[in-house]
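Here is how the chains run, residue by residue.
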Amino acid sequence: MDKKTVGLYIARTGMNVFRIFPVEEKKILFCSFAGKSVNCNPMYFNRYLLKYASEDYEYVWAVNDPEHVFVPEDLRGRIRLVRAGSPSYFREMMTAGIVIYNVGLPSGSLVPKRKGQIWVHTWHGGGAFKIANMGTDLSPVQQKINRIVGKQLDVFLSSNRIFSEKFPAALQVEPSHFYGTGLPRNDLFFRDHSGCREKVCRYFQIPENKKILLFAPTFRGSFYQAEDVDNLDYAPVVRALEKRFGGEFVVLERKHHAVKPKLTEGVYHASGYPDMQELLAAADVLITDYSSSMWDFAMTDKPGFLYIPDLARFDQQKDFYTPVSRWPYPYAEDLAGLERLIAGYDPEKAREKKEAYLALTGCFEQGTACEQLMEILKLSRRSLAE
């Protein structure tokens, strides 16, 4: 056993000092993107609990920067923030009845799960697209950490059947711990979300008569050394969109949170916007590549296109869970091809293609993920008197 692994076990042993404090059944600790933000699936579930769970639950968020992190208005004053990595954070981790996160916990490998605690992983993406290379670019210590944390998970939310089949081995979590609920953040698309467009337009000062193209590519390379993509040449794309769909389009440019984005003049920069779901709800058209945002957007009936000029560098038999040709939106490998896709858009064929992909993957999305997770966790509901 190497020194780093020995150090890991010593640190975990040291956490036992917090066992002097009891586990608090009604305290739930949330964490999104390792403490970077208050958003994604954990936030949407927290919102649901604030509305439907009994009022005696306490909600704690682990964040890297409590003084500057953005907290949605409807959560302000209703959640408590703790600085990730601080002694208070480890105490909260060791005493929360439920721990819910979407990608990783700050120093989470140092925290041994206690009897009576429930750990929940909501994941941070849906669908079954480019294979997650978990383990291939990790050090032996990081792989060991994954094994430790994987064993501590009780509930892992899944958006589709293929995810439930493929990810247990990749994440080293027991298959029986995967629950086909869909993603809490996608419940949004199964109800009226028109207010999101108004909110996004107001935030960016976009005239409400404009139509919105959202360009949202994922990163390239390793997550830990993520690279940005070359920006799309928007002018011909906007012309094609306006010719096919009418109206005047503006561009929202949303890059992956792991990269430092290359900014483009003349567009609205949305990489720092706190809630991707609101951008998807506001957009009239989505252009992406391998990003799981296409899965979320597929919960709507709006046009989507894939622009993947580097597709040739992948082995389609080994690098993808499902064939690119069967993904919910058509793809182009060059700008001219993308313009042709837009010009030839047929709403009925687009709907058939999307539905075929959802059937292929065994989609679990029904707009009830939050409700199902509340039932799985056996949380107390608010009484009518409350």
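Look up: the structure comes first, before these words.
Below is a short write-up of the structure. In this text the structure is predicted, and so the values were computed from the model without any measurement.

## A look at the packing of aromatic side chains
Point 1. Inspection of the entire model under this criterion finds 29 aromatic pairs.
Point 2. Between F204 and Y268 the ring centres are 6.3 Å apart and the planes differ by 70°, which places this aromatic pair in the edge-to-face class. With F204 in helix 6 (residues 194–204) and Y268 in strand 10 (residues 268–269), this pair connects stretches of sequence that are 64 residues apart.
Point 3. An aromatic cluster is defined as three or more aromatic residues linked by ring pairs; in this entry it consists of F129, Y290, W295, F314, F320, W327 and Y357.
Point 4. Positioned above the aromatic ring of Y57, the side-chain terminus of K26 is 4.8 Å from the ring centre.
Point 5. Between R91 and the ring centre of F21, over which it is positioned, the NZ or CZ distance is 3.7 Å.

## A look at the packing of helix 2 (residues 40–52) against helix 12 (residues 369–376)
Point 1. For the pair helix 2 and helix 12, the least separation of the axes is 10 Å and the interaxial angle reads 70°. As summarised for this structure, helix 2 and helix 12 are arranged roughly perpendicular, according to the angle between their axes. Contact with helix 2, carried on its side by Y44, F45, Y48, L49 and Y52, involves C370, E371, L373 and M374 of helix 12 and no other residues of that element.
Point 2. Within the contact of helix 2 with helix 12, the residues separate by chemical class into eight nonpolar, no polar and one charged.

## Overview of the packing of helix 7 (residues 234–245) against helix 10 (residues 335–343)
Point 1. Contact geometry of helix 7 with helix 10 gives a least axis separation of 9 Å together with a crossing angle of 15°. Taken together, helix 7 and helix 10 sit at an angle that is classed as roughly parallel. In this structure, helix 7 crosses over helix 10, and the sense of that crossing is right-handed. Every residue of helix 10 that contacts helix 7 at P236, V237, A240, L241, R244 and F245 is listed here: L335, L338, E339, I342 and A343.

## Section: the side chain of D296
Point 1. Here D296 is to be found in helix 9 (residues 293–297).
Point 2. Ignoring anything within four residues of it in the chain, the contact list for D296 reads R185, N186, F189, Q277 and L280.

## Thoughts on the environment of S292
Point 1. Along the chain, S292 turns up in the loop between strand 11 (285–288) and helix 9.
Point 2. Each C-alpha atom, one on S292 and one on G127, is 6.3 Å from the other, the two residues being 165 residues apart in sequence.
Point 3. If near-sequence neighbours (up to four positions away) are discounted, S292 is found in contact with H124, G125, G126, F129 and R185.

## Observations regarding the sheet that holds strand 6 (residues 155–157)
Point 1. Strand order across the open sheet formed by seven strands is 3-2-1-4-5-6-7, with parallel pairing between neighbours. Looking at the sheet topology across the chains shown, the edges are occupied by strand 3 (80–83) and strand 7 (178–179).
Point 2. Bridge count for strand 1 (residues 24–31) against strand 2 (residues 58–63) is four bridges, and the pairing is parallel. Bridging from a neighbouring strand, L29 pairs with V60 of strand 2.

## So, the pattern of salt bridges
Point 1. Within this structure, the stated rule accounts for 19 salt bridges.
Point 2. Here E92 makes a salt bridge to R80, at a shortest N to O gap of 2.7 Å. On the criterion of sequence distance, the pair formed by E92 in helix 3 (residues 87–95) and R80 in strand 3 is long-range, its members being 12 residues apart.
Point 3. For E92, a relative accessible area of 9% corresponds to the buried category.
Point 4. Residue classification places R80 among the partly exposed residues on the basis of a relative accessible area of 32%.
Point 5. One salt-bridge network, held together by shared partners, links E24, K27, E58, R80 and E92.

So, how was this worked out
- Residues numbered from 1 in each chain as written.
- Predicted model: local features only at pLDDT ≥ 70, side-chain atom pairs only at ≥ 80, totals over all residues.
- Heavy atoms only, no water.
- Phe/Tyr/Trp six-rings, centres within 6.5 Å; stacked < 30°, edge-to-face > 60°.
- Helix = DSSP H or I, 4+ residues; strand = E, 2+ residues; numbered from the N terminus.
- Lys NZ or Arg CZ within 6 Å of the ring centre and 35° of its normal.
- Axes fitted to C-alpha atoms, helices over the stretch in contact; angles between N-to-C directions.
- Parallel < 35°, antiparallel > 145°, perpendicular 65-115°, else oblique.
- Contact = heavy atoms within 4.5 Å.
- Nonpolar A, V, L, I, M, F, W, Y, C, P; charged D, E, K, R; others polar.
- Left-handed = near helix turned anticlockwise from the far one by under 90°.
- Pairing = 2+ DSSP bridges.
- Salt bridge = Lys/Arg side-chain N within 4 Å of Asp/Glu carboxyl O.
- Buried < 20%, exposed > 50% of the residue type's maximum accessible area, 1.4 Å probe, protein only.

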